[in-house]
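Residue-level listing of the chains:
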Amino acid sequence: MDRIRKAAEILLRKKNTAVLTGSGISVDSGIPTFRCSQGIWSQYPPKEYAFLKNFKKDPVKLWRFFNRLADEFGHARPNAGHFALAELERMGIVRSIATQNIDALHQEAGSRDVLELHGNSRLLRCIFCGNVYEKNHPPEVIDRIPFCACGKILKPDFILFGEDLPDQAMKKAFQEAKQASIYIIAGTSADVAPANRLPYRAKSRGALIMEINTGQTDLTHTIVDIRLRGSTSVILPRLVEEIQLLQSTG
Ligand SMILES: [Zn+2]
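Calculation notes
- Residues numbered from 1 in each chain as written.
- Predicted model: local features only at pLDDT ≥ 70, side-chain atom pairs only at ≥ 80, totals over all residues.
- Heavy atoms only, no water.
- Axes fitted to C-alpha atoms, helices over the stretch in contact; angles between N-to-C directions.
- Helix = DSSP H or I, 4+ residues; strand = E, 2+ residues; numbered from the N terminus.
- Left-handed = near helix turned anticlockwise from the far one by under 90°.
- Contact = heavy atoms within 4.5 Å.
- Nonpolar A, V, L, I, M, F, W, Y, C, P; charged D, E, K, R; others polar.
- Donors = N, O, S within 2.8 Å, 3.2 Å for Na, K, Ca; no water.
- Tetrahedral: all angles 85-135°; square planar, octahedral: opposite > 155°, others 65-115°.
- Buried < 20%, exposed > 50% of the residue type's maximum accessible area, 1.4 Å probe, protein only.
- Domains from an automatic or database assignment.
- Buried area = accessible area lost by both parts, 1.4 Å probe.
- Salt bridge = Lys/Arg side-chain N within 4 Å of Asp/Glu carboxyl O.
- Pairing = 2+ DSSP bridges.

**Side note on the packing of helix H8 (residues 167-179) against helix H9 (residues 197-204)**
Running from amino to carboxyl end, H8 crosses H9 at an angle of 35°, the nearest separation of the two axes being 7 Å. Pair H8 / H9 crosses with right-handed handedness. Every residue of H9 that contacts H8 at Ala173, Phe174, Ala177 and Lys178 is listed here: Arg197, Leu198, Arg201 and Ala202. Residue composition of the contact of H8 with H9, grouped by class: 5 nonpolar, no polar and 3 charged.

**Concerning the coordination of the zinc ion**
Donor atoms from the polypeptide that coordinate the zinc ion comprise Cys126 (SG), Cys129 (SG), Cys148 (SG) and Cys150 (SG), at 2.3 Å from the metal. The site at the zinc ion holds 4 donor atoms, and with the angles between them running 99 to 122°, its shape is tetrahedral. Mapped onto the polypeptide sequence, the residues donating to the zinc ion form the spacing pattern C-x2-C-x18-C-x1-C. In this pair, Cys129 is assigned in the loop between strand S4 (119-125) and strand S5 (132-134) and Cys150 in the loop between strand S7 (145-147) and strand S8 (155-158), connecting sequence segments 21 residues apart. The partly exposed category is assigned to Cys129, whose relative accessible area is 40%. Of the residues examined, Cys150 reaches a relative accessible area of 40% and is grouped as partly exposed.

**Section: the domain arrangement of the protein**
For the protein, the domain assignment lists domain 1 (1-31 + 78-118 + 166-250) and domain 2 (32-75 + 120-158). When domain 1 packs against domain 2, the two sides together hide about 810 Å² of surface, and 53% of this comes from carbon and sulfur. Of all residues in domain 1, the largest losses of buried area upon contact with domain 2 belong to Ile31, Ile102 and Glu116, amounting jointly to 53% of the total for that side. Here domain 1 and domain 2 share 1 salt bridge between them. When the shortest N-O distance is used, the salt bridge between Arg122 and Glu116 registers 3.1 Å. Within the side of domain 1 that touches domain 2, the residues separate by chemical class into 5 nonpolar, 6 polar and 3 charged.

**Focus: the packing of helix H1 (residues 2-14) against helix H10 (residues 232-248)**
Relative to each other, H1 and H10 sit at 65°, their axes nearing to 9 Å. Helix-helix and strand crossings are classified by hand; for H1 and H10 the assignment is right-handed. Here Ile4, Arg5, Ala7, Ala8, Glu9, Leu11 and Leu12 of H1 lie close against H10, whose contacting residues are Ile235, Arg238, Leu239, Glu242, Ile243, Leu245, Leu246 and Gln247. A class-by-class count of the residues in the contact of H1 with H10 yields 10 nonpolar, 1 polar and 4 charged.

**Observations regarding the sheet that holds S4**
Spatial strand order, S5-S4-S8: 3 strands in an open sheet with antiparallel pairing. At either end of the open sheet lies a strand with only one pairing partner, and these are S5 and S8. For this sheet the average axis-to-axis angle between neighbouring strands, irrespective of direction, equals 50°.

Listed below in structure tokens is the structure:
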């Protein structure tokens, strides 16, 4: 309790906060992480389904996987953790969220400045001609497989292994990390490159590092200044409550 109060005081005082999120924040929306490799991931081993070369070799096979993902998780809704971050942005405390998720739940919860480091699942992109379409409006769909106007099979605009990360989002995320007074790592162990460099960049520029995770990570005992242990869907709303309380008592 005290720890959350203290964190709330610091957030309210410094504002200027950047956030990095990962799969942990969407677990309570029913989206499992790659790491708890139960269910779907064991049926679709990453080495057969997660690489660009897999898509190039057999896009029809990969679309069976993408459609399964959409069927299982397409109806996921933001949880209290997503809503709390959106609230922190409205309060003028959070500047931006860099996320490794492709589920768009931050935007659905109302967050505006969201940097999608691994792309998104709202768009379809042609890896041959570069055309981009809204997910629901490709030129042609045959057996749930979307086709480009050029005749090739479209790829979801999220990043497969072996693909470049979105340059703009990445650049902006590093800029935000450099400028932040507080850097929050929420629902991610932040150990996948290059996103894993963001907290270090923030730290090297003097930011306080706040971690909200259920377990400990490589960062916990290295660069983290304030650790709030628990699920993001519990801790983040409590932070918002504490901040509101502090504001109301002046
Ligand atoms: Zn095309």
